[in-house]
Amino acid sequence: MAEAFTTEETAAKATHGEMANAIRALAMDAVQAANSGHPGMPMGMADVATVLFTRFLKFNAADPAWPDRDRFVLSAGHGSMLQYALLYLTGVPGMEIESLKSFRQLGSNTAGHPEYEHTVGVETTTGPLGQGLANAVGMALAERLLNDRHGDEICNHFTYVIAGDGCLMEGISHEAISLAGHLKLGKLIVLFDDNNISIDGPTDLSVSDDQLKRFEASGWHVARVDGHDPEAVALAIENARSVGDRPSIVACRTIIGYGAPNKQGQASTHGAPLGDEEIAGTREALGWSHPPFVVPENVLAGWRAAGTRNRAAYEAWQAAADRMDGVERVRLTNPIDDKVAEAIGATVREVKTTFSDEAPKLATRQSSQKVLEKLVPVVSGLIGGSADLTGSNGTLTSHHTPVKPGDFSGTYVYYGVREHGMAAAMNGLALHGGIVPYGGTFLVFTDYCRPSIRLSAMMGQRVVYVMTHDSIGLGEDGPTHQPVEHLASLRAMPNLRVFRPADAVECAECWELALAGGRAPSILALTRQGLETFRTDHTDENLCARGAYVISEPEGGRDVTILATGSEVGIASAAAASLAGQGTKAAVVSMPCWELFEVQSETYRNAVLGTAPRVAVEAAARLGWDRWIGPDGAFVGMASFGASAPGAQVYAHFGITADAVAEAAKSVAEG
C-alpha cells in the first residue's frame, strides 16, 4: 500500500477536482481491465462521494470496524468501483491497487457488487436495488436504539446512503422510506444519484414520479442540488445533518459517466467498459494525464489525510468505551456472548422442563410466545417486531415496550404491513451490531421477504424470521394464505436454517438454536393449530440440534420408518400406533431442521433413518423429501394448493391423515 501523506502541506496540494477525478480514473480503468462492470455511476457521483468522505463521513480507515463510525451504504451496488476506489484511496487495510486491477476476478476482494465481509469496509451486500436503502433504515434504527441505551459518547453517528433511480423505483423503497419517516430517523441521509438514466435509456421511458415529493410525503427533509458543485453538495449535507428528527434525501443532479466526451449522459456508460478510445478522450477532458491505476502522490496524500482526519474523535470514543463495563462493551457488537449464550441455554432447559411436566396442547406460535416471555429478559439486545400481525404471530411479550417515533427506549417494532421492508431493516439491525432482531409474519409471506432473507443467508446474519400459520392447518383463510411450496423453497436456500418444531419442547429448542447458532439466519415455521406435547420426559440435551432424531423405536427392529416435521409428527405417531395394532413395526422420526441433520455424521444419519422402507408426511410439497425417503419411499402431503375450510377438514380433504400414512407405510413395508 502506498504511504500516506508526509506533511499537511503535501496533502493540501490536491484539489477537490483532482481527488474526484482519481475516483473516475480508477473506476473506468478497473472496468476496462475487467472488460466488465459499471463505470457510469462512479464517474457521475465522484464529486458527491469526495465531499462526503473528505468533509463529513466519520470513519477511521485504520479501523473500519469502529463501532461508532458513520455507516456508508452503496445501495446502487452496481457502482461498486466507487466504493472500492474510496477504500483504496483512504487507506483501508487490504484494499491495494492490485485489488482494483483484479476487479471482478475470481479470488479478488473487489467483487462485481459489494459483498459484506468479502471486502473490508463494506457495510452490507448490495446489488439487488433498494436493498441497501432498506438495510440503512435498520442501521439508522439500531444507532438510535443503542444511543438511547448508551448515550452520545458511545453511539452517535449518521448513516449515509448513495441510491440511484433504480433503488427508488423498487417497491421496497416505498416501505423503507415510509418506515424511516414514521420513526423519525433523523440521522439517516440519502444521497440520490439523480442522473435521469436507467439501463433502458432515459428514466422518462418508465417513471415520472416526483421523488422529492414522495419522500416529503413520508416526513423526510428534501433538497435538490447540482451534484457536480461541491460547495452546494456540502451545504446540502450540512443542512441535512441539522434538521433534527427527519431523515433526509438530497437529490444530486449528476451526469452519468461524467467526463467521457462522447458517452457521458447516456445509458451506454451504465454497464459496459468505455473502451480505450473513449477512456483516452476522458483523460484529456478531465486533465488526467496519468497512466491507468496511477494516482499521483499529492492526490493520494489528500485522500489518505481524509482517512485519518477523524483520529481525535476515534481516540475520544476509545477513551469513553474504556470506561464502560467490559461485558457491556463487548455487547456493543456481539449481543450474544458466551455468558448470554449460557443463560439462553439455562432458560430453555427451564422452559422445557415446564413444558414436559405440563404437556400443554398449544399452537407452536403460542409455544414460541411463551419461550420469548422467558428469553427477552435474558437477551438485552433482542429486538422484536411484526408486520402488522403481532397477535397472530405471538411475537410480543409482557416485557416489551414499543419503539415509537422519536422514542427509541423500546424493544418492539411495529413494522406495519411492510414485510419486505421489515426483513431488510432487520438485516440492517443485525449488520449494525449490538442487536439480534426477530420479526414475524405468515409463512406464505416469505415470498414478500425472500430477497432480504436471501441476503441474510448470504451475509451470515443472525436474523430470526418468526413465520406462523405454516400449513393448510391454518384453515379458513384458504389457499391464498396456506403455504405449500414455501418450505421446499426456503430449504433450497444455502445457509438458511428452516426450523419446523413439532411441539412446545421442540419450539424452545429451536429458539435456542436460532439465537445461539451463529452465522446464519433462521426460519421458525410455526402452527396456528394446537399440537399435543409428545416430549413429556425431560432431557437437558437439545435434541433438535441434531436436526432429526428418533422419537419412537419399536422393539425387535423396524418394518418401516415414518419421517415427519412439525404438525405432522403427531399424525406420524398416530399412524405408528395404528400400525402396531396391525403387527407392523414403525419407527417415528421428527425432522425439525434438515440443514442441521445434513451436517451430522453419516453414522448418525444412518442410525436415524434406518434401513427399513420409509414414508414421509408433511403438509407441504414433496420437493426435497426423496433425498430422505429414497427411491422406493412414499410421501403423504400436498400436490396442489389448499382450500378454505376448518383446518381438520382441510387435512382430511387432502388425505393427510394417520390412516393415509399407515396405508402408505404398509404398502412400502410389504414392498
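Predicted model, so just to flag it, every value in this text is computed and none were measured.

**Structural notes on the environment of Val550**
- As for its position among the elements, Val550 is in strand β16 (residues 549–552).
- On a C-alpha basis, the gap between Val550 and Ala607 in space is 9.0 Å, while along the polypeptide they are 57 residues apart.
- Those residues within four positions of Val550 in sequence are excluded, and the remaining contacts are Arg558, Val588, Val589 and Val608.

**With respect to the pattern of salt bridges**
- Inspection of every chain in the model, using the stated rule, returns 23 salt bridges.
- For Glu143, the salt bridge identified is with Arg144, shortest N-O distance 2.6 Å. Accessibility classification places Glu143 together with Arg144 in one group, the buried group.
- Among the ionic contacts, a cluster of salt bridges with common partners joins Asp470, Arg491, Arg500, Glu568 and Glu618.

**Considerations on the side chain of Thr125**
- Locating Thr125 in the fold gives a position in the loop between α6 (97–101) and α7 (131–150).
- For Thr125, the residues in contact, after removing those within four places along its chain, are Pro114, Glu115, Tyr116, Asn135, Leu455, Met458 and Met459.

**A word on α7**
- Taking 1.5 Å per residue, 20 residues should reach 28 Å; α7 reaches 28 Å between its end C-alpha atoms and fits that length.
- Looking one or two residues beyond α7, the residue adopting positive phi is Gly151, at roughly 90°.

**Side note on the packing of α7 against helix α19 (residues 419–432)**
- Running from N to C, α7 and α19 point in directions that differ by 55°, and their axes come no closer than 6 Å. Comparing their axes, α19 and α7 come out oblique. At the point where α7 passes α19, the crossing takes the right-handed sense. Residue-level inspection shows Gln131, Ala134, Asn135, Gly138, Met139, Leu141, Ala142, Glu143, Leu145 and Leu146 of α7 in contact with α19, the latter providing His420, Ala424, Ala425, Asn427, Gly428, Leu429, Leu431 and His432.
- A breakdown of the residues in the contact of α7 with α19 according to their chemical character gives 10 nonpolar, 7 polar and 1 charged.

**Observations regarding the packing of aromatic side chains**
- Under the definition given, this model contains 15 aromatic pairs.
- For the pair Phe442 and Phe445, a centre-to-centre distance of 6.0 Å together with 15° between the ring planes defines the contact as stacked.
- A relative accessible area of 7% places Phe442 in the buried class.
- Owing to a relative accessible area of 17%, Phe445 belongs among the buried residues under this scheme.
- Each ring, one from Phe445 and one from Tyr448, has its centre 5.5 Å from the other, and the planes form 5°; the classification is stacked.
- Among the aromatic residues, those joined into a cluster by ring pairs are Trp594, Phe597, Tyr604, Trp625, Trp628 and Phe635.
- One residue, Arg491, lies across the ring of Trp594, its end atom 3.9 Å from the ring centre.
- Above the face of the Tyr604 ring, Arg546 is positioned so that its terminal group lies 4.2 Å from the ring centre.

Basis of the calculations
- Residues numbered from 1 in each chain as written.
- Predicted model: local features only at pLDDT ≥ 70, side-chain atom pairs only at ≥ 80, totals over all residues.
- Heavy atoms only, no water.
- Helix = DSSP H or I, 4+ residues; strand = E, 2+ residues; numbered from the N terminus.
- Contact = heavy atoms within 4.5 Å.
- Salt bridge = Lys/Arg side-chain N within 4 Å of Asp/Glu carboxyl O.
- Buried < 20%, exposed > 50% of the residue type's maximum accessible area, 1.4 Å probe, protein only.
- Expected span 1.5 Å × (residues − 1).
- Axes fitted to C-alpha atoms, helices over the stretch in contact; angles between N-to-C directions.
- Parallel < 35°, antiparallel > 145°, perpendicular 65-115°, else oblique.
- Left-handed = near helix turned anticlockwise from the far one by under 90°.
- Nonpolar A, V, L, I, M, F, W, Y, C, P; charged D, E, K, R; others polar.
- Phe/Tyr/Trp six-rings, centres within 6.5 Å; stacked < 30°, edge-to-face > 60°.
- Lys NZ or Arg CZ within 6 Å of the ring centre and 35° of its normal.

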